[in-house]
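Structural features, examined
Here is how the chains run, residue by residue.
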Amino acid sequence: MSDTPFGFGLPPEEPENGDEGKQEDQQGGGGQGPFGFGLPGFGGPGGDNPLAAMFGSMNPNDLGAAFQQLGQMLSYEGGPVNWDMAKQIARQTVSQGTSDGVKDSSIGPSERTAVEEAVRLADLWLDDATSLPSGAGSAVAWSRAEWVEATLPAWKELVDPVAERVGAAMGDVLPEEMQAMAGPLIGMMRSMGGAMFGTQIGQAVGVLAGEVVGSTDIGLPLGPTGRAALLPANIEAFGKDLSVPQEEVRLYLALREAAHQRLFAHVPWLRSHLFGAVDGYARGIKVDTAKLEDVVGQFDPQNPEQLQDALQQGMFQPEDTPEQKVALARLETALALVEGWVDAVVHAAAKPRLTSADALRETLRRRRASGGPAEQTFATLIGLELRPRRLRDASRLWASLTDARGVDGRDGLWAHPDMLPTASDLDDPDGFVHREQLDFSELDKMLGEAAGGSAEKPNLEKPNLKKDDDSE
């Protein structure tokens, strides 16, 4: 995650022209300590102590704002993550601009038109590279703030299962006979825990908004279904030092966004498969109760950053069990297959048409391999990195499948999750390419006929084979 300190700043008012014309207090005062509250007009002395920073050398208006925000934090009674706070932090982070000083701004008509035309052309090119039809019902150009708003529901779905485990653990670390007496403290702990998760996720999402170029950068469908989205400001920053025409950069990234949209739109089980893999991995996470008990035993309401430190130091460890290893392999393989398919399909579409296709492909591969705020956030929270470690292996496998079975045969594997390659298949792509696969579409048809009361009894013992061998 970014080294930028977490803060509970009040979200700035949005001007009509994006972040231009923001209130002057963002440029003037207001430092943030390690767990500072980022309120205008104070900072500096006492930065290492959030309460000292909060109550020292501020005017009455600032003091009232600090009390209001602290009250909101302690009175939170929602789910395991304070998503209102996460949204505030993300929007605040976006408003501050990226490390290179680039501010967010509203999308103009020319940028909107350029994105729409790029996605439209990308879809035409992809028609020759995949049998899956277009999945983008619309193409939109987003500002960074719009990306935050549009993707928060997906982040909520990803993070809540893990945070729920932490919230439950906070109530379980005290002996049962003490829990009744410590009720208010436990409630405060849970409220603070929700705030801590909210700040971490909000900070990461805000930083990520300054880097992503679309809605599917991390291999998961974060935006609304059927809406291809690109961020013009980030695309410009991405291509700044590549010595590639901006139009080619935009078109290549539009190809990737449109390819993801095709996959998620026409493989109906894929989204739940990916999110289910994240949830399955999260269920195998155990909370370090010894560390949590130590935090609870030494908890000082005047030092709420203790909980933040505990989260950052890694309170959660994956269970070293066969089930957890299977869950991790399932998730990593799923991410690699998605990204590998997109990589192979986009390369097939771009290579004959863009002189910079090879350079852009390698740049994107290295970018995904190096990770970013999203991967680091999940690594901090649950030891999970949303990174396709085997992207190159998966891309080679999909390319080999194209050569051996054609575009239709390759894309047909997405018809059923059990037809997809496994982690071991990525080790032996040639073996998978030439292995016979069960035709699950025929099996599903027979099962459907049986469920519909067909008089003919389906023969489930001999499913139709595409080639001839044992299945996975």
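Residues numbered from 1 in each chain as written. Predicted model: local features only at pLDDT ≥ 70, side-chain atom pairs only at ≥ 80, totals over all residues. Heavy atoms only, no water.

Focus: the overall build of the protein
In plain terms, the rule: Elements are defined by DSSP. Helices are runs of H or I of four residues or more, strands are runs of E of two residues or more, and each kind is numbered from the N terminus. Burial status follows relative accessibility: with a 1.4 Å probe on protein chains alone, a residue under 20% of its type maximum counts as buried, one over 50% as exposed, and anything between as partly exposed. What makes two residues a contact is simply this: any of their non-hydrogen atoms within 4.5 Å. Note that accessible areas follow from Shrake-Rupley with a 1.4 Å probe, and for residues the cover is restricted to the protein chains shown.
From N to C terminus, the protein includes 19 helices and four strands. Per-residue burial for the protein yields a buried fraction of 51% across its 472 residues. Once local pairs closer than 6 in sequence are excluded, the contacts in the protein between residues at least 24 apart make up 78%. By element, 49% of the accessible surface of the protein is carried by carbon and sulfur atoms, the whole surface being about 21200 Å².

A word on the packing of aromatic side chains
What counts is decided by this rule: Working definition: a ring pair exists when centres of Phe, Tyr or Trp rings (six-membered ring for Trp) sit within 6.5 Å. Plane angles under 30 degrees give stacked, over 60 give edge-to-face, the rest tilted.
Applying the stated criterion across every chain yields a total of three aromatic pairs. Both rings, one in Trp 341 and one in Trp 414, keep their centres 6.4 Å apart while their planes meet at 85°; by these two values the pair is edge-to-face. Taken together, the residues Trp 341 in helix α13 (residues 322-350) and Trp 414 in the loop between α16 (391-411) and α17 (423-427) connect sequence positions 73 residues apart. Judged by its relative accessible area of 0%, Trp 341 is buried. You can call Trp 414 buried: its relative accessible area is 3%. Pairing Trp 398 with Trp 414 gives two aromatic rings, centres 5.3 Å apart and planes at 15°, and the pair type is stacked. One end of the pair, Trp 398, is in helix α16; the other, Trp 414, is in the loop between α16 and α17, with 16 residues separating them in the sequence. Both residues of the pair, Trp 398 and Trp 414, belong to the buried class.

Structural notes on helix α4 (residues 109-126)
Keep this limit in mind: The length a helix should cover is 1.5 Å for every residue beyond the first. This arc corresponds to the set of directions leading from the helix axis out to the C-beta atoms.
Its 18 residues give α4 an end-to-end C-alpha distance of 26 Å, which sits within 8% of 26 Å, the value for a rise of 1.5 Å per residue. Considered for burial, the residues of α4 that qualify are Ala 114, Val 115, Ala 118, Val 119, Ala 122, Asp 123, Trp 125 and Leu 126. End-on, the buried residues of α4 take up no more than an arc of 165°, which puts them together on one face. Opposite the buried face of α4, by more than 90 degrees, sit the exposed residues Pro 109, Ser 110, Arg 120 and Leu 124.

A short note on the pattern of salt bridges
Short version of the rule: Counted as salt bridges are all cases of a side-chain nitrogen of Lys or Arg within 4 Å of a carboxyl oxygen of Asp or Glu.
Overall, the coordinates contain 20 salt bridges when judged by the stated rule. Asp 427 is the salt-bridge partner of Arg 390, the closest N and O atoms lying 2.6 Å from each other. Placement of Arg 390 in the loop between α15 (373-382) and α16 and of Asp 427 in helix α17 is noted, with a sequence separation of 37 residues between them. Residues participating in the shared-partner salt-bridge network are Arg 390, Asp 393, Arg 396 and Asp 427.

With respect to helix α3 (residues 83-95)
With 13 residues, α3 ought to run about 18 Å at 1.5 Å a step, and its terminal C-alpha atoms sit 18 Å apart, in line with that. The element α3 is extensively covered by neighbouring structure, given that 10 of its 13 residues are classed as buried. Of all the residues in α3, the buried ones are Trp 83, Met 85, Ala 86, Ile 89, Ala 90, Arg 91, Gln 92, Thr 93, Val 94 and Ser 95. Downstream of α3 by one or two residues, Gly 97 has phi in the positive range, about 85°.

Side note on the packing of helix α10 (residues 270-283) against α13
Operational definition: Angles run from 0 to 180 degrees between N-to-C directions of axes, and those axes are lines fitted to C-alpha atoms, restricted for helices to the stretch in contact. Left-handed describes a crossing whose near helix is turned anticlockwise from the far helix by less than a right angle; the clockwise case is right-handed. When residue character is reported, Ala, Val, Leu, Ile, Met, Phe, Trp, Tyr, Cys and Pro are called nonpolar, Asp, Glu, Lys and Arg charged, and the others, Gly included, polar.
Taken N-terminus to C-terminus, the directions of α10 and α13 make an angle of 145°; their axes are 9 Å apart at the nearest point. Helix-helix and strand crossings are classified by hand; for α10 and α13 the assignment is left-handed. Touching Leu 270, His 273, Leu 274, Gly 276, Ala 277, Val 278, Gly 280 and Tyr 281 of α10 are Gln 324, Ala 327, Leu 328, Arg 330, Leu 331, Ala 334, Leu 335 and Val 338, all from α13. Residues belonging to the contact of α10 with α13 are distributed by class as follows: 11 nonpolar, four polar and one charged.

Quick notes on unusual backbone geometry
Positioned with a positive phi, Ser 243 is a non-glycine residue whose angle comes to about 55°. Secondary-structure assignment places Ser 243 in the loop between α8 (232-238) and α9 (246-266).

A few points about the environment of Thr 98
The residue Thr 98 is located in the loop between α3 and α4 in this model. Owing to a relative accessible area of 22%, Thr 98 belongs among the partly exposed residues under this scheme. With 113 residues separating them along the chain, Thr 98 and Glu 211 place their C-alpha atoms 8.5 Å apart. Sequence-distant contacts of Thr 98, that is, excluding residues within four places in its chain, are made with Arg 144 and Gly 210.

So, the nonpolar core
This is how the line gets drawn: The set of buried Ala, Val, Leu, Ile, Met, Phe, Trp, Tyr and Cys residues whose side-chain atoms join them within 4.5 Å is what this entry labels a nonpolar core.
Counting residues in each nonpolar core, the largest one holds 91 residues, and the members touching the most others are Trp 147, Trp 155, Leu 270, Trp 341, Trp 398 and Trp 414. A per-element tally of this core places α13 first, with 13 residues. Here Trp 398 is in contact with Leu 337, Gly 340, Trp 341, Ala 344, Arg 410, Leu 413, Trp 414, Leu 420 and Pro 421, once residues within four sequence places are set aside.

Here's the deal with the confidence of the model for the protein
As a reminder of what qualifies: Confidence of the predictor at the level of single residues is given by pLDDT, which spans 0 to 100.
Of all residues in the protein, 59% attain a pLDDT of 70 or more, and the chain-wide mean is 75. In this model residues 1-58 is a low-confidence stretch, pLDDT under 50, and it forms 121 contacts with partners more than four residues away in sequence or in other chains.

Quick word on the side chain of Arg 368
Applied cut-off: Definition of a polar contact: a pair of N or O atoms within 3.5 Å, with one able to donate and the other able to accept a hydrogen when the atoms are protein atoms, and with sequence-neighbouring residues admitted only if both atoms are side-chain atoms.
Relative to the elements of secondary structure, Arg 368 occurs in helix α14 (residues 357-370). A residue is classified by how much of its surface remains accessible, and Arg 368, at 8% relative accessible area, is buried. Here the side chain of Arg 368 touches Glu 339 through a polar contact of 3.2 Å, side chain to side chain.

Side note on the packing of α9 against α14
Basically, it comes down to this: In these notes the angle categories are as follows: under 35 degrees is roughly parallel, over 145 is roughly antiparallel, 65 to 115 is roughly perpendicular, and the rest is oblique.
For the pair α9 and α14, the least separation of the axes is 11 Å and the interaxial angle reads 60°. Compared by their axis directions, α9 and α14 come out oblique. You can see that α9 and α14 cross each other, and the crossing is right-handed. Contacts between α9 and α14 involve Glu 248, Val 249, Tyr 252, Leu 253 and Arg 256 from the first element and Ala 357, Leu 360, Arg 361 and Leu 364 from the second. Taken together, the residues that form the contact of α9 with α14 break down as six nonpolar, no polar and three charged.

Describing the environment of Leu 208
Here Leu 208 is to be found in helix α7 (residues 183-209). The exposure class of Leu 208 is buried, given its relative accessible area of 6%. Considering only alpha carbons, one finds Leu 208 and Ala 90, 118 residues apart in sequence, at a separation of 9.3 Å.

Things to note about the environment of Trp 147
Position of Trp 147 among the secondary structure elements: in helix α5 (residues 144-172). In this structure Trp 147 comes out as buried when scored by relative accessible area, which is 0%. A C-alpha to C-alpha distance of 9.0 Å links Trp 147 and Val 212, two positions 65 residues apart in sequence. Here Trp 147 is in contact with Trp 142, Trp 155, Val 205, Leu 208, Ala 209, Val 212, Gly 214, Ser 215, Leu 222 and Leu 231, once residues within four sequence places are set aside.

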